[in-house]
Structures are given as structure tokens and as C-alpha cells.
Amino acid sequence: MSYFLWVEDFAGVTGGKDIAYNVLGGIIDPTKLLGNKKVLKRDLESEGIFIELDFGHGLDFIQEKLADIDYIILDINLPAYSGSEPKDNVLKLLEKWHGYISSDNENSIAISAKALQEIAGYHLYTELVFNLGFPKENILFCSNHGNDLKSIVEAFDKAKIELPPIYKKENNEEVQEWVKARHQNPYSRLRRGIIEGCKYLKILTEDKLRFNGFIKDPEKQISPADLHDYLEVLENFLPLSPCDSKSSNLYKLFIRILAHEWEAAEPKQVGQKEGYAFAWIMKITRNWLAHSKVFEQLTPQDVAYLFIVNMRAMFDLGHELLPYEKHLLILFKDVLSVEDFNNKVGYNPKRKDDRNPTGRDIPLTENYGLLLSKTGNTWQAINFHDALNNLQKNKDKDIDNAFFIKGLYQSFWFLTSSGGVFIPEDKEQLKKFAVLNYQFKYFDYRQPNYLFELARHIYNRSFL
């Protein structure tokens, strides 16, 4: 999901359900939009919607926690503050722009606060765009008060600033479409998942780091300080709103930073221990980045996959799927249901006629044979990732980069399975793959949970 700040006072309504539905009905279950404004503020935070109910708290949020959100929805007419008196940041605006003088009874704080209230959205907008550099295309003005438009239009005119579009909340289709499109934006979801992942990983204790187990030379092992800097760079690398034409370059540069630490790594250092498969994927990724142009057209899904794989290789993250991983896996479309995945991949020990115990519909043998055929190797059994890497080193112009990106996904399946040479009974299959074929033995993807979820999310990306 993408994260939103919504500054809205819900004025003129007993609860908040009508306004909340008109704005958020396209992304949030309507049954979650029935509470009053305080209930909505409390409950919607878990959905990535942060609500502030007055100008002062909205200003506090954008000045202190702007990095925590991706998009902002602004009301125009907002109470200047709540409680008995405003904070200093609101007082400064009242004094500078709305005539408040602390010693002047005629220019009371109430009069100044009323003047600010009529153009509160203007003040938040200018603070965001001109003082904090927040992209204006990530801001939606939304109001139910038609008579507020005159004040805010005048404010923008006097400042010689172009007035952004202002939507009425009752025109809920337009508003809902704007919110839905941003909520589902693949780039924003990817960026937010990476940010939340790095935040989580930065607070892990040192005993959770297993990356140094892949580094033979002690002098090249990563220190806690270097690890923190590495995660800090990744967390802040992707800009909030990039030019669409530059996304591919950003993804390639991000993966270059992500994989750089694997230059000195040797996955075989730890044999078949947990993290081995992911370590090999990252080692291959690093090698290809240094010597090829495989990563010219990455998608958000590809970046999400490599980020998850990288962090699972570097850290011991337990058996459960983590919140940031759930966030990133949402990017994958056409995900196999649990039932379909179990039908394709599930192991049934009572099914004695099953020659391929990893599941009839995982084309491991076919993909292995195809890879060997492309390398011209039909006589020697070698590791899938070695064959893929050798093919990339010596590839001809007829093999496109998409083949190798898909190979990084397929490497997951081959590296989490074990194999042995066999001669198939089917003569046609024998001709297709010459004299060598492979049988891949069962790997129980049901446990641990994170492996099961990753596998069913990437299945179609791996083989279709």
C-alpha cells in the first residue's frame, strides 16, 4: 500500500462515515469507515491512512513526519488548533500573516485563528511544496464547503501561485479514483516497502546478521556501522515522485547498491544452510551488474523480489513473513491461491505414481533441459545457477535480458530443491533434452511460512 496523510476536521457531521467513504471508499472496506472521526483516526492508521483533525496537528505532522507518507489529502477550512492555545509554529503564522499581536486585545487570537481557518489548506500546501519540497502532484485538495473557495482562490492569486484543482468530497468518483490510483501505484508501493523494510532491519540485533558467514576474508566482513549506512542509503535512495522515464535507471542503480556487498561473498562457504539459495541469487546478480546490461528494464516486482531475497540472505529473519515483505509481495499479480499452489507444488506421499515429487506442474526438468540446450551442454550435469551464469557470460544476441531475469526467479526453485540425473522413459522427452535430464526432489514449501508465501507469489513470474 501507499501511505496517506489526510488533514480533515469532518465539520458538519456527527460521525465521519459519509466523508470518509466519499474519499476512501475506493480503497478501504466500507465497514471500516463507520466510526466517528476519533475512531477513524485510530483505526485507519493500520491501513496506512494517518488522519489529523486540525491545522496545528497537520502542520506538526508534515514538519516532523513527512517521510512517513507518500500522498496528502487536504481540506481547505480547518480549525487553527485544538486545545486551549496553539503551539509556537501556529502562533508564528498567526503573527506573521493574520494580525495576531499578543498584547493587543482587539486583535485577539480567536480573530486571527478564524482568518487562518478559512485558508488553512493554503498554508499547509505552501509549507509542503515551497518549504519542504513535497511534490505538488502528490497532494489532493478536497472540500465540502463551496463558500471557502473564494478565500483560498484569493490567497493563491495574491501569492501569484497557480491554484491546484480543488475537488468536492461529494463528487466521490473523482476523489476515490485519485486516491485509488495513488494507493495502488507500483512505484510508491515498492518505495514504501523498501523504506519500512530498512527501518525494521536497522533495529535488529547483531546476532541476526548472517551475511559475514559468506565472507571468507575477515577484513572484508561488514561492520555494524557499515551495515547501518548501507540500509540508510537504500532507505533514502528512491525519490518520492520520480520522472516515469527514469524509473528503469533508478531501479538498476538501486539494485547495484543492493548487490554491491556480495562482491566478496562466497555462498558455498556455508554449504546448504538456510540462506544459501538467496545468497547465490544475489551473487549472480552482483556479477551480472558488473559485467552485463541484464538489468536495463527491471520492473517494481523484480526489485521487490531481489530486495526480499537479499535481506533474507543477509539476516536471520525467522520463519514468518514480515510486514514489509507482505507489502512488497502485493506488487505481484496473478498470484496463486493457497489451494492452487498446493495442487501444483504440494507433496502427496500416498501418490505413488508421482515421478516428480515436487509437483506435476513445476517445470523444473523442462527449464533445466532448456538451459542446458542453450549452453550446448547435453552430457554433463551442472548446477542450474552455474549454467545460467555461464550462458550469460557467453550469450549470443538472440537471448534477451528477460530470459536472464526470469532465470533469477527460476534459480529460487532449483536452489531450494535437490536433484539427481535420470533417463526419462518418454523417448520424445529424451530427444528434446538429449541424453541428460533431471529429477528434482520434493522441497516442502509449506514451511517456513515466508518461503511458502514467496513461492506462491513468484510462481507465475518464474514460469509463465
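It should be noted that the structure appears before, not after, this text.
Residues numbered from 1 in each chain as written. Predicted model: local features only at pLDDT ≥ 70, side-chain atom pairs only at ≥ 80, totals over all residues. Heavy atoms only, no water.

Q: Describe the overall build of the protein, listing the residues and the values that go with them.
A: Counting its regular elements, the protein contains 20 helices and seven strands. A total of 464 residues make up the protein; the buried ones form 50% of that total. With an accessible surface of roughly 22,800 Å², the protein has 48% of that area assigned to carbon and sulfur atoms. (Helix = DSSP H or I, 4+ residues; strand = E, 2+ residues; numbered from the N terminus. Buried < 20%, exposed > 50% of the residue type's maximum accessible area, 1.4 Å probe, protein only. Areas by Shrake-Rupley, 256 points an atom, 1.4 Å probe, with all protein chains shown as cover.)

Q: Tell me about the pattern of salt bridges, and please be specific about residues and values.
A: For the structure shown, the criterion picks out 18 salt bridges. Here Glu453 and Arg456 are joined by a salt bridge, their closest N and O atoms 3.0 Å apart. Linking Glu453 with Arg456, this pair stays in helix H20 (residues 449-463), spanning three residues, or about one helical turn. For Arg456, a relative accessible area of 16% puts it in the buried group. Connected through salt bridges with shared partners, the residues Asp68, Asp70, Arg191, Arg192, Glu196 and Lys199 form a single ionic network. (Salt bridge = Lys/Arg side-chain N within 4 Å of Asp/Glu carboxyl O.)

Q: Help me get a handle on the nonpolar core, residues and values and all.
A: With 87 residues, the main nonpolar core has Tyr305, Met311, Phe412 and Trp413 as its most contacted residues. Those residues in contact with Phe412 that lie beyond four places of it in its chain are Phe278, Ile281, Tyr305, Tyr445, Leu451, Leu454, Ala455 and Ile458. Counting residues in each nonpolar core, the second largest holds 37 residues, with Leu5, Leu59, Ala120 and Val129 among its members. (Core = buried A, V, L, I, M, F, W, Y, C linked by side-chain atoms within 4.5 Å. Contact = heavy atoms within 4.5 Å.)

Q: Could you give an account of the packing of aromatic side chains, naming the residues involved and the relevant values?
A: Each aromatic ring pair is specified by the distance between its two centres and by the angle formed by the two planes. Scanning all chains against the criterion turns up 31 aromatic pairs. Of the aromatic side chains, those joined through ring pairs into one cluster are Phe278, Phe341, Phe412, Trp413, Tyr450, Phe452, Tyr459 and Phe463. Across the ring face of Tyr450, the terminal group of Arg312 is positioned such that the distance to the ring centre comes to 3.7 Å. We note Lys374 situated over the ring of Phe403; from NZ or CZ to the ring centre the distance is 5.1 Å. (Phe/Tyr/Trp six-rings, centres within 6.5 Å; stacked < 30°, edge-to-face > 60°. Lys NZ or Arg CZ within 6 Å of the ring centre and 35° of its normal.)

Q: Any chance you could break down the packing of helix H16 (residues 364-375) against helix H18 (residues 401-415) for me, citing the residues and the numbers?
A: At a minimum axis distance of 11 Å, the contact between H16 and H18 shows a crossing angle of 130 degrees. Comparing their axes, H18 and H16 come out oblique. Taken as a pair, H16 and H18 cross one another with a handedness that is left-handed. Counted together, Leu364, Asn367, Tyr368, Leu371 and Lys374 of H16 and Phe403, Gln410, Trp413 and Phe414 of H18 form the full contact between these two elements. For the contact of H16 with H18, a count of residues per class yields six nonpolar, two polar and one charged. (Axes fitted to C-alpha atoms, helices over the stretch in contact; angles between N-to-C directions. Parallel < 35°, antiparallel > 145°, perpendicular 65-115°, else oblique. Left-handed = near helix turned anticlockwise from the far one by under 90°. Nonpolar A, V, L, I, M, F, W, Y, C, P; charged D, E, K, R; others polar.)

Q: Could you give an account of helix H4 (residues 88-97), naming the residues involved and the relevant values?
A: Side chains that are three or four residues apart share a direction in an α-helix, a result of its 3.6 residues per turn. When we look at burial in H4, the residues that qualify are Asn89, Val90, Leu91, Leu93 and Leu94. Looking at the buried residues of H4, the elements they touch are helix H3 (55-64), helix H5 (109-118) and helix H6 (120-131). Following H4 by one or two positions, Gly99 has its phi on the positive side, about 75 degrees.

Q: Pulling in residues and values, what's your account of the environment of Tyr71?
A: Residue position: Tyr71 is located in strand S3 (residues 71-74). Look at Tyr71 and you get buried, because its relative accessible area is 6%. Through-space distance from the C-alpha of Tyr71 to that of Leu240 is 9.3 Å; in sequence the pair is 169 residues apart. Reaching out from Tyr71, the side chain makes a polar contact with the side chain of Ser188 at a distance of 2.6 Å. (Polar contact = N/O pair within 3.5 Å; in protein donor to acceptor, adjacent residues only side chain to side chain.)

Q: Explain the pairing of S3 residue by residue, including any values.
A: Taking every second residue as pointing to the same face, both faces of S3 are buried, with Tyr71 and Ile73 on one and Ile72 and Leu74 on the other. Both strand S1 (residues 4-7) and S3 contribute to a ladder of four bridges, which runs parallel. Bridging across to S3, Leu5 finds its partner in Ile72. Of the pairings in the sheet, the one linking S3 to strand S4 (residues 139-143) comprises three bridges and is parallel in character. Bridge pairing in S4 places Ile73 opposite Leu140. (Pairing = 2+ DSSP bridges.)

Q: Which residues make up unusual backbone geometry, and what values go with them?
A: Of note in this structure, Lys160 is not a glycine but carries a positive phi near 55 degrees. In this structure, Lys160 sits in the loop between helix H7 (149-158) and strand S5 (166-168). The exposure class assigned to Lys160 is exposed, which follows from its relative accessible area of 73%. Positive phi is not limited to glycine here, since Asp334 has a value of about 55 degrees. Positionally, Asp334 belongs in the loop between helix H14 (323-329) and helix H15 (338-345). In this structure Asp334 comes out as exposed when scored by relative accessible area, which is 63%.

Q: Go over the packing of H3 against H6, please, and point to the residues and values.
A: Helix-helix packing: each pair is described by the crossing angle between the helix axes and the interaxial distance. The geometry of H3 relative to H6 is characterised by a closest axis approach of 11 Å and an angle of 5 degrees between their N-to-C directions. In this view, H3 runs roughly parallel relative to H6, as classed from their interaxial angle. Seen from H3, the contacting residues are Phe55, Gly58, Leu59, Ile62 and Gln63; seen from H6, they are Ala120, His123, Leu124, Glu127 and Leu128. Classifying every residue of the contact of H3 with H6 by side-chain character gives six nonpolar, three polar and one charged.

Q: I'd love a proper account of the environment of Ser462, names of residues and values included.
A: Positionally, Ser462 belongs in helix H20. Taking the C-alpha atoms as reference points, Ser462 and Pro363, separated by 99 residues in sequence, lie 9.8 Å from one another. Each residue touching Ser462, except ones within four places of it in the same chain, is listed here: Lys406, Tyr409, Gln410 and Trp413.

Honestly, it's all geometry; don't read function into it.
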